[in-house]
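# Structural characterization, general
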Amino acid sequence: MRGLTLIPAGLSLDFISRKKLFFAFSAFIVISSIALYSVKGLSYGIDFKGGILMEIQTTDGPADIGTMRKTLSSLNLGDVSLQEFGAPNEILITVQSQDGGEKAQGAAVEKIKDALGANIEYRRTEYVGPKVSDELLLDGIYAVGAAIFAILLYVWFRFEWQFGLGAVVALVHDVISTIGIFALLGMEFNLTTVAAVLTIAGYSINDTVVVFDRVRENLRRYKTQPLPELLNRSINETLSRTIMTSFTTLLALFALYSLGGEVIRGFSFAMIWGIIIGTYSSICLAVPVLLYLNIQRRGGAAGNADDKEQEATA
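What counts and what doesn't
- Residue numbers run consecutively from 1 along every chain, following the written order of its sequence.
- In keeping with the predicted nature of the model, local features appear solely for residues at pLDDT of at least 70, side-chain atom pairs appear and are counted solely at 80 or more, and the whole-chain, interface and lining totals rest on all residues.
- Think of the side-chain values as coming from all heavy atoms in the structure, minus any hydrogens and water.
- Residue-level confidence of the predictor, termed pLDDT, takes values from 0 up to 100.
- Only DSSP runs of H or I reaching four residues or more are called helices, and only runs of E reaching two or more are called strands; each is numbered from the N terminus.
- Candidate patch residues must exceed 30% relative accessible area and have no salt bridge, after which like charges are joined if within 9 Å and Val, Leu, Ile, Met, Phe, Trp or Tyr side chains if within 5 Å.
- The accessible surface values rely on the Shrake-Rupley method and a 1.4 Å probe; as for residues, cover is taken only from the protein chains in view.
- Throughout this description, the term salt bridge denotes a Lys or Arg side-chain nitrogen within 4 Å of a carboxyl oxygen of Asp or Glu.
- To sort residues, take the accessible area from a 1.4 Å probe on protein chains only and compare it with the maximum for the residue type: under 20% means buried, over 50% means exposed, and anything in between is partly exposed.
- Between any two strands, at least two bridges found by DSSP are needed for them to pair.

What follows covers the confidence of the model for the protein. In this model, the protein carries a mean pLDDT of 79, and residues with pLDDT of at least 70 account for 86%. Taken element by element, the predicted model of the protein shows its lowest mean pLDDT in helix α10 (residues 304–313) (43) and its highest in helix α1 (residues 19–39) (92).

A contiguous nonpolar surface patch, about 380 Å² in accessible area, is contributed by W156, W161, L165 and V169. The biggest single contributor to the nonpolar patch is helix α6 (residues 161–185), with three residues. Following the sequence through the fold, W161 ends up in helix α6. Taking relative accessible area as the criterion, W161 reaches 44% and is therefore assigned partly exposed.

Attention now goes to the pairing of strand β2 (residues 51–58). For β2, a buried count of eight out of eight residues is recorded, marking the element as mostly surrounded by other parts of the structure. Residues G51, L53, E55 and Q57 point to one face of β2 and I52, M54, I56 and T58 to the other, with burial holding for every one of them. By the bridge criterion, seven bridges tie β2 to strand β4 (residues 90–96) in an arrangement that is antiparallel. Bridge pairing in β4 links E55 to L92. Pairing geometry for β2 and strand β5 (residues 120–128), over eight bridges, is antiparallel. Note on β5: the bridge partner recorded for M54 is T125.

Turning our eyes to something else, we now look at the pattern of salt bridges. Should their charged atoms come close, side chains of opposite charge can pair. For the coordinates displayed, the defined rule picks out nine salt bridges. Note that R233 and E237 form a salt bridge whose closest N and O atoms lie 3.7 Å from each other. In this pair, R233 and E237 both sit in helix α8 (residues 227–259), four residues apart, roughly one turn of the helix. By relative accessible area, which is 18% here, R233 ends up buried. By relative accessible area, which is 34% here, E237 ends up partly exposed. One salt-bridge network, in which partners are shared between bridges, spans R214, E217, R221, R233 and E237.

Written out as structure tokens, the structure reads:
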């Protein structure tokens, strides 16, 4: 009985000859993402912009979000948003931070409770102040930056500095493109999204290291094979593993996105995008970049006859 095969055995795709196309596409994604962030910005969640968060449940059937939104908008509390939170009778209310400190936030919460009336169960009420939200945003930026720097050091020590630089180019591409897609779609960007970005970085570097390991192995085995051919060989030899891993991970993430509810929908979406763009960057960006970084062949030069003999037994 044969198992599932997404990539046929013996496939030999020429990725390296299309490197300029890949670079142009990646540059377009990065520039567009930066432009979208500059023009539209991100829709920061309460974690980063501060405010009041209330999770409520209606006890007399599905909630009428339209009526609730109209009622709360008339309270003059500033920006108020409502969204279904897992079930038709569960609503998540976010209100912008009120001037006047904790007393003002408490007064706003009471106004909301009075306006909504009876038949409402208040399951959670939280307040995040501006100072805390600024600190959380900075901590998120530091966390992503520290993760990328640590990955650079790891790949540098495991391979060479050229491999580390290639991996970081792919990671920065993945992070910026994730920010860009959130800016484009106007999805909420919060601490959960930062966690997704860090997870994407770890997943992407795992794919990249697998390909880099095969590149290093082939550099020792085929000492006179032209570098573009060797890089293509390395990608194709690991392609089945890369695609199968990404495919099975995406199956779980699509289920999580569809059935996991509103709480983790942003995380699931970020992960889905990250797996797709991370797989692309590991294959089409990190490896072709090595052509321009003067990677060294260890162990001296061997003759063509040695290469042919090694290739025959590989």
